[in-house]
2 protein chains.
Amino acid sequence: MNKESVDILIIGGGPSGGVCAVTAKMNNPDKRIMVIREHEKQLVPCSIPYIFGKTLGSVENGLGSCAMATQMGIEAVIGEVKDIDIKNKIAYYGENAISFDKLVIATGSVPFVHESLQHSLSLNGVFTIAKSVELITKLKKYADDKQNIIIVGSGFIGVEIAMEFAGIGKNVIMVGGSKYILNRAFDSDIAQEAQKIVEEAGVTYIGSDRVVAIMDKNDDNTVNAVKLESGKILDTDLVILATGYQPNTTLATKVGISLGHYGGIWVDDYMRTQNQDIFAIGDCTARRGFISKAPSKVMLASTSAAEARVAGSSIYGIKYLKGMSGTISIFSTKIGDTVFASAGVTSTKAEAKTKTTMVIGSFQGINRHPRTIPGAHKQYVKLIVSRYSGQILGGQVIGSDEAGEIINLIGQIIESGRSVYSVMSMQVATQPLLTGAPTNYPLIMAAIMAIKEIES
Amino acid sequence: MNKESVDILIIGGGPSGGVCAVTAKMNNPDKRIMVIREHEKQLVPCSIPYIFGKTLGSVENGLGSCAMATQMGIEAVIGEVKDIDIKNKIAYYGENAISFDKLVIATGSVPFVHESLQHSLSLNGVFTIAKSVELITKLKKYADDKQNIIIVGSGFIGVEIAMEFAGIGKNVIMVGGSKYILNRAFDSDIAQEAQKIVEEAGVTYIGSDRVVAIMDKNDDNTVNAVKLESGKILDTDLVILATGYQPNTTLATKVGISLGHYGGIWVDDYMRTQNQDIFAIGDCTARRGFISKAPSKVMLASTSAAEARVAGSSIYGIKYLKGMSGTISIFSTKIGDTVFASAGVTSTKAEAKTKTTMVIGSFQGINRHPRTIPGAHKQYVKLIVSRYSGQILGGQVIGSDEAGEIINLIGQIIESGRSVYSVMSMQVATQPLLTGAPTNYPLIMAAIMAIKEIES
């Protein structure tokens, strides 16, 4: 058995593992840092939907690069850690043992498939969206000469894949478990607008029914239909199960690292597990909401990256004293030419989870000024606001590409606990070709509308 | 003489007057509010450059609308207030007298022309960029059959007009008083990139010389050349003096309202003049920098709008307790396909004015991820940071359209006094088609680079 010794060992080479390695190296240039990951090639996770259609067009175009980490002197090995001797600080993979001083678990997530559908995973033509080059390559190839695709699930991965397949002329049916698509990130008024665009692109959405069986009618180990709860049978050539992800904690569980809610590894605000020398970051952790402080199932690369930076700078002592106070579930996607973005709690969640009494402030404007500027696009901002403190709890935006950064502005407002009274008179750069007008910049107007509501 | 009586009288119908009226009405729905302005039609000020080229193409397309104010029951009259009886609270215009309870002065700014060039304003073919439909219409018409244009000044108005004229095939020479264009808003590394694009569009920039005389060589009261300090003579058909603006305080001075620095009306954080019933907002006020607290000459519609919202909600008592703590000089423009944006202090200003010891953190990334996404554009973020507190004092961005909102995110970070330690682990929404990667989102990376600099 080969034996090596490092200062920091990071298990997992996804976005959180990579960012943690780079951050840890910056903060501890003299430490030996090693990342151990299962595959040679790594996909950029959020690029996966775009591999299937015209946008990226190939698996190659969706690959990430480790150049920065390598340049900084971070070592990378390929292998699967099968066991860890926690007491003696040794990890084992293949014929190798690595002793470490600090350990970071960044094992990510694996697709979640409902128990009733798991047996179908062995059929030809049934796929999940695992973050694996091998699986995505196989799926892309399988889809090549297939015309009819059923996507189970209506989250953003499902929607993005549906739009890419529709864009190359496939017949796509999405079967979701909710009345409208994207129902976890958006209130129904906004989700409806997104759904309209998806339907106009030729995708059929079935929200009132759900898939109860995946069928192999010819008994040739190949899917050719799904059965819905209503009894309806839908013929198909390909089924994609985009029904979410669950923390990948097989290793953590095996070696006795404590879990928290929803099967994620328990961590404190600085991403330490119950063992102070072992950190966990990314989708494999038990998360909570920034506003609600309640358990959250959110899995986003941006939340993972923030956690990775906290861990990477806290590994030999809490250096910057800014921990993770929960995820703000900040997220954006583009459907057709329209961007939908969300941060913090939706009004549905605000009512159900935070138990605050909230008000809504919304404003529909445009993203240029005056409205005669060519290419002007509707820009709608909706804010969820605490009635009693005025604090902004959440925001949703519909707009053109700029909405992808407006949501980051709203995210920063939520993270810094600012109120509508402060946003009302915030200073923004406004430019005819780039933004709404200074007189009715939609975010500020939405804050003003919320104040009006509070005072009414 | 007609006599009327209102609760709140606002003098000036530009962005600040309009926003103040709307805000005051929302906060005081039962009060009678009147705006008095000089012209029937009002230009959206920042749309003016785009009237001259293909973007808007006509003065009509640059007009603003008062529909919202009218709908809310705000009265508007056309006229020029010539005198105010401060003691008895009566304003006079034409044959009319209006008594008021509260007065807001929003008389804006007028073009600044150096003394040595003022006599030339009477020549045909010499124009300033006054915010007047009449003047802009005249200039557009005059330019129609002229080929050679000289623009004096290299601020954003001058640059935007130069690019529009170049875009319709005119020969444009800009003569600025600084080595690079846009030198007040950008450090020279960034200004140089902007200048390169302007020059590639066919505009000639002369930064090392300045205009000392505007010439009428044929003695026919029509400009046909300018003389530079170096002695060089440049022939031309049209001269535009885009050399800045100065507060329009003729009325305020006449009626004895106290001025502050740079000829602007003195105001406190709630935009009250030294008379507690009289407010002043917008370009006619004496401004200071948010970071430096030093006098500032910045004139931006977005600063004006923030002041207007503070005044409009404070007019019958300080309702929201968030005053103006100075302008963050937040600003963006698009030159060719590239956006240049700035907020807070530049590194030049940070050194000269705030007397802080600062560090720079910068990062060049792209606005999409992975970089194989079609249409990816360079995105460069530079942060000016206090070495001792880590507080972000300023930021500059080069990017595609999204930079227009990234600067607003940076502005919010500056306004809320956040540090690089907080930005390092901020949560951002990242999406392949809309933003940089979660692993190297340029704003976060620039904060990390600043931390590295502080710790080095």
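Structure first, text after, so check above.
Residues numbered from 1 in each chain as written. Chains lettered and ligands numbered in written order. Predicted model: local features only at pLDDT ≥ 70, side-chain atom pairs only at ≥ 80, totals over all residues. Heavy atoms only, no water.

Draft legend 1. Local environment of the relation of the copies chain B and chain A. Expressed as a screw transformation, the operator carrying chain B onto chain A has a rotation angle of 180 degrees and an axial translation of 0.0 Å, and the superposed copies differ by an RMSD of 0.0 Å. These values place the two chain copies in the arrangement generated by a two-fold rotation axis. The fraction of interface residues of chain B whose copies in chain A are also interface residues reaches 100%, indicating that both copies meet through the same surface. (Least-squares fit on C-alpha atoms with pLDDT ≥ 70 in both. Contact = heavy atoms within 4.5 Å.)

Draft legend 2. Broad picture of the sheet that holds strand β15 (residues 225–228) of chain B. All names here are of chain B. Taken in spatial order, the 3 strands line up as β14-β15-β16 in an open sheet, and their pairing is antiparallel. Here the strands that pair on one side only, and so sit at the sheet edges, are β14 (211–215) and β16 (233–235). Neighbouring strand axes in the sheet, compared pairwise and without regard to direction, differ in orientation by 25 degrees on average. By the bridge criterion, 4 bridges tie β14 to β15 in an arrangement that is antiparallel. Looking across to β15, one finds that Ala 213 is bridged to Lys 227. (Pairing = 2+ DSSP bridges. Helix = DSSP H or I, 4+ residues; strand = E, 2+ residues; numbered from the N terminus. Axes fitted to C-alpha atoms, helices over the stretch in contact; angles between N-to-C directions.)

Draft legend 3. How the structure looks around helix α1 (residues 15–27) of chain A. The terminal C-alpha atoms of α1 of chain A, which comprises 13 residues, lie 18 Å apart, in line with the 18 Å expected from a rise of 1.5 Å per residue. Most of α1 of chain A sits inside the fold, with 11 of its 13 residues counted as buried. Along α1 of chain A, the positions that sit buried rather than exposed are Ser 16, Gly 17, Val 19, Cys 20, Ala 21, Val 22, Thr 23, Ala 24, Lys 25, Met 26 and Asn 27 of chain A. Buried residues in α1 of chain A make contact with β2 (8–11), β3 (33–37), α3 (67–71), β8 (102–105) and α9 (301–314) of chain A together with α13 (442–455) of chain B. (Expected span 1.5 Å × (residues − 1). Buried < 20%, exposed > 50% of the residue type's maximum accessible area, 1.4 Å probe, protein only.)

Draft legend 4. Summary view of the side chain of Thr 327 of chain A. For Thr 327 of chain A, the position within the fold is in the loop between α9 and β22 (331–335). Judged by its relative accessible area of 4%, Thr 327 of chain A falls in the buried class. Engagement of the side chain of Thr 327 of chain A in a polar contact is seen with the side chain of Thr 303 of chain A, the distance being 3.0 Å. Once you skip the residues sitting within four places of it in the chain, Thr 327 of chain A turns out to touch Arg 288, Gly 289, Phe 290, Ser 296, Val 298 and Thr 303 of chain A together with Gln 427 of chain B. (Polar contact = N/O pair within 3.5 Å; in protein donor to acceptor, adjacent residues only side chain to side chain.)

Draft legend 5. How the structure looks around the sheet that holds strand β14 (residues 211–215) of chain A. Residues and elements named next belong to chain A. With antiparallel pairing, 3 strands are arranged side by side in an open sheet as β14-β15-β16. In the strand order of this sheet, the two ends are held by β14 and β16 (233–235), each with one partner. Mean inter-strand twist for the sheet, computed between neighbouring axes without regard to direction, equals 25 degrees. Relative to β16, strand β15 (residues 225–228) runs antiparallel, the two sharing 3 bridges. Bridge pairing in β16 links Ala 225 to Asp 235.

Draft legend 6. Examining the interface of chain B and chain A more closely. Listed by partner, the interface residues are 81 residues for chain B and 81 residues for chain A. Buried surface at the junction of chain B and chain A, summed over both partners, amounts to about 6,700 Å²; 63% is from carbon and sulfur atoms. It is Arg 309, Glu 405 and Gln 427 of chain B in chain B that bury the most area against chain A; as a group they hold 13% of the surface buried on that side. Across the chain B-chain A interface, the total number found is 4 salt bridges. (Buried area = accessible area lost by both parts, 1.4 Å probe. Salt bridge = Lys/Arg side-chain N within 4 Å of Asp/Glu carboxyl O.)

Draft legend 7. Quick look at the side chain of Asn 408 of chain A. Looking at the element boundaries, Asn 408 of chain A is found in helix α11 (residues 403–415). By relative accessible area, which is 0% here, Asn 408 of chain A ends up buried. Here Ala 429 of chain B takes part through its backbone nitrogen, which lies 2.6 Å from a polar atom of the side chain of Asn 408 of chain A. Apart from residues no more than four positions distant in its own chain, Asn 408 of chain A is found in contact with Ile 330 of chain A together with Leu 409, Val 428, Ala 429 and Tyr 441 of chain B.

Draft legend 8. Just the packing of aromatic side chains, in detail. Under the defined criterion, the tally for this structure stands at 12 aromatic pairs over all chains. With a centroid separation of 5.4 Å and 25 degrees between ring planes, the pair formed by Phe 52 of chain A and Phe 165 of chain A is classed as stacked. Linking Phe 52 of chain A in the loop between α2 (48–51) and α3 with Phe 165 of chain A in helix α6 (residues 156–167), this pair joins segments that are 113 residues apart in sequence. Measuring from centroid to centroid gives 6.3 Å for Phe 186 of chain B and Phe 340 of chain B, while their planes differ by 80 degrees, and the two rings are edge-to-face. Of this pair, Phe 186 of chain B sits in the loop between β12 (171–175) and α7 (188–200) while Phe 340 of chain B sits in strand β23 (residues 338–344), and the two are 154 residues apart along the sequence. An aromatic cluster is defined as three or more aromatic residues linked by ring pairs; in this entry it consists of Phe 156, Phe 186, Phe 331 and Phe 340 of chain A. In this structure, Lys 297 of chain A is placed above the aromatic ring of Tyr 262 of chain A, and the distance from its NZ or CZ to the ring centre is 4.8 Å. We note Lys 131 of chain B situated over the ring of Tyr 245 of chain B; from NZ or CZ to the ring centre the distance is 4.9 Å. (Phe/Tyr/Trp six-rings, centres within 6.5 Å; stacked < 30°, edge-to-face > 60°. Lys NZ or Arg CZ within 6 Å of the ring centre and 35° of its normal.)

Draft legend 9. Here's a closer look at the pairing of strand β5 (residues 81–85) of chain A. All names here are of chain A. Relative to strand β6 (residues 90–93), β5 runs antiparallel, the two sharing 4 bridges. Along β6, the bridge assignment pairs Val 81 with Tyr 93. Between β5 and the antiparallel strand that follows it, β6, lie 4 residues; Lys 89 among them carries a positive phi value of about 55 degrees.

Draft legend 10. Layout of the packing of α1 of chain A against α9 of chain A. Residues and elements named next belong to chain A. Relative orientation of the contacting elements α1 and α9 amounts to 30 degrees, with a least axis distance of 8 Å. Taken as axis vectors, α1 and α9 run roughly parallel relative to one another. The handedness of the crossing between α1 and α9 comes out as right-handed. Touching Ser 16, Val 19, Cys 20, Thr 23, Ala 24 and Asn 27 of α1 are Ser 304, Ala 305, Ala 308, Arg 309, Ala 311, Gly 312 and Ser 313, all from α9. For the contact of α1 with α9, the per-class residue count stands at 6 nonpolar, 6 polar and 1 charged. (Parallel < 35°, antiparallel > 145°, perpendicular 65-115°, else oblique. Left-handed = near helix turned anticlockwise from the far one by under 90°. Nonpolar A, V, L, I, M, F, W, Y, C, P; charged D, E, K, R; others polar.)

Draft legend 11. Inspection of the environment of Asn 96 of chain B at higher detail. Residue and element names in this part refer to chain B. Relative to the assigned elements, Asn 96 resides in strand β7 (residues 96–99). The exposure class assigned to Asn 96 is buried, which follows from its relative accessible area of 17%. It is 6.0 Å that separates the C-alpha atoms of Asn 96 and Lys 3, two residues lying 93 residues apart in sequence. Not counting residues up to four positions away in its chain, the partners in contact with Asn 96 are Met 1, Asn 2 and Ala 91. At 2.9 Å, the side chain of Asn 96 forms a polar contact with the side chain of Asn 2.

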